[in-house]
Amino acid sequence: MSYPYIKEFQNSLVEWFQREKRDLPWRKTKDPYKIWVSEVMLQQTRVDTVIPYYENFLEKFPTVEALATAEEEFLLKQWEGLGYYSRVRNLQAGVREVVENYHSIVPNNRASISTLKGVGPYTAGAVLSIAYGVPEHAVDGNVMRVLSRVLLIEDDIALPKTKKVFEKAVMDLMDIKHPSDFNQGLMELGALVCTPTSPKCLLCPVRDYCGAFAEGQTSNLPVKTKKTKVKKLAYDVFIVENDKGQLLMEKRPESGLLANMWEFPMVLENEHYSALAEFSQQYSVEVLGQEALLTLKHVFSHIVWNLSSYYVQGESKSGIWLSLEEIEQLPLAVPMQKILQQYKISRKKL
DNA sequence: TAAACGTGGTT
DNA sequence: TAACCAAGTTT
């Protein structure tokens, strides 16, 4: 490419990263497996959120063998609250491929590592460059924001095809002597300095090589189109307790939203019938009493749930009835955790 | 390609 | 408050 200050840009970025980088748990290791775990957890997820999950996860699953042999329910429990739960099932599937096909050694080239479940273009480049020092691109949202400004790239970063533009740009700019620090430097710069709003250009190590700074365009880049609005759904949720103090539980389907997570029985609200009647019929539960517990709104990335939860005393021969202690071993999505918490509080008052 | 897929923090 | 954002991948 014609970018004239490549060497200066590389040196300024790498030296800044080495000087200013945050002290993060996954920066204390070069174990490809641990880097892999961190990269999967960090997908669409904040650093502060990830840290405790990362520490716990590697305590429970310190090696690829440990993760490969883990029970899925226990695995999901460790991911509980992190979101995007298919990540952890894909991670285990990928790790099992490494154990079976690669003698438990994470592949060190893009072609091989990219075949692993859950390893996309970004994660492949991140593990290769950070763990193995391979000069490969690792383009995330930070990198697109930083380079759209530095190079004045106006392509819409919401479009999938735009990523190729940035992958080429990264390879053109790559410091082949320091692939790890270069890639992490771009991301760290995006996280700490070249932020979406109010970038700290006066603190930027590559300000002198930034097109957007020179032309006063930082607030107009990157170009990103908006998303569509979310779908709203209203459910009635029933905490059903039998005379043994057990609660009726359900496991969600193995695919789709919150796959394989556990929840309390829910019925979609509808003007045409009573949700309670519908529930007692669907679950064959004889309802003896009902008491409102908690209403809450839970916002997913593409759906909003409006939940009304009720405490119900009832009996049924069918269904899965579990004690509180058993339920607390199960992976529950955040809205169910909140409802369970409210149930425990109400129960204590009796 | 567009949509699905979580959650919590920030503006 | 609604919208946007955060180290993306899969279908």
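Data block above holds the structure.
Residues numbered from 1 in each chain as written. Chains lettered and ligands numbered in written order. Predicted model: local features only at pLDDT ≥ 70, side-chain atom pairs only at ≥ 80, totals over all residues. Heavy atoms only, no water.

(A) View of the pairing of strand β1 (residues 231-241). Note: β1 against strand β6 (residues 303-315), 11 bridges, orientation parallel. Counted as the bridge partner of Val237 is Ser309 from β6. As judged from the 3 bridges shared by β1 and strand β4 (residues 266-268), these two strands associate in the antiparallel manner. Following the sheet pairing, Tyr235 is matched in β4 by Leu268. (Pairing = 2+ DSSP bridges. Helix = DSSP H or I, 4+ residues; strand = E, 2+ residues; numbered from the N terminus.)

(B) Layout of the layout of surface pockets. In this structure, the second largest pocket spans a volume of roughly 160 Å³. In terms of lining residues, the second largest pocket is bounded by 13 residues, among which Arg27, Thr29, Ile130, Ser180 and Gln184 are the most central. Sorting the residues of the lining of the second largest pocket by element identifies α2 (32-42) and α11 (179-192) as the ones contributing at least two each. Here the residues of the lining of the second largest pocket are counted per class, giving 4 nonpolar, 4 polar and 5 charged. (1 Å grid on protein atoms, 1.4 Å probe; cavity = no way out; pocket = protein on both sides within 12 Å on 5 of 7 lines; lining within 4 Å. Points joined across faces, edges and corners; volume = space filled by probe spheres on them. Nonpolar A, V, L, I, M, F, W, Y, C, P; charged D, E, K, R; others polar.)

(C) Geometry of the pattern of salt bridges. Summed over all chains, the structure comprises 10 salt bridges. Arg22 is the salt-bridge partner of Glu188, the closest N and O atoms lying 2.8 Å from each other. On the criterion of sequence distance, the pair formed by Glu188 in helix α11 and Arg22 in the loop between α1 (6-20) and α2 is long-range, its members being 166 residues apart. Its salt-bridge partner being Glu80, residue Lys77 comes within 3.0 Å of it at the nearest N-O pair. Taking relative accessible area as the criterion, Lys77 reaches 21% and is therefore assigned partly exposed. The exposure class assigned to Glu80 is buried, which follows from its relative accessible area of 16%. In this structure, a network of salt bridges that share partners links the residues Arg22, Arg27 and Glu188. (Salt bridge = Lys/Arg side-chain N within 4 Å of Asp/Glu carboxyl O. Buried < 20%, exposed > 50% of the residue type's maximum accessible area, 1.4 Å probe, protein only.)

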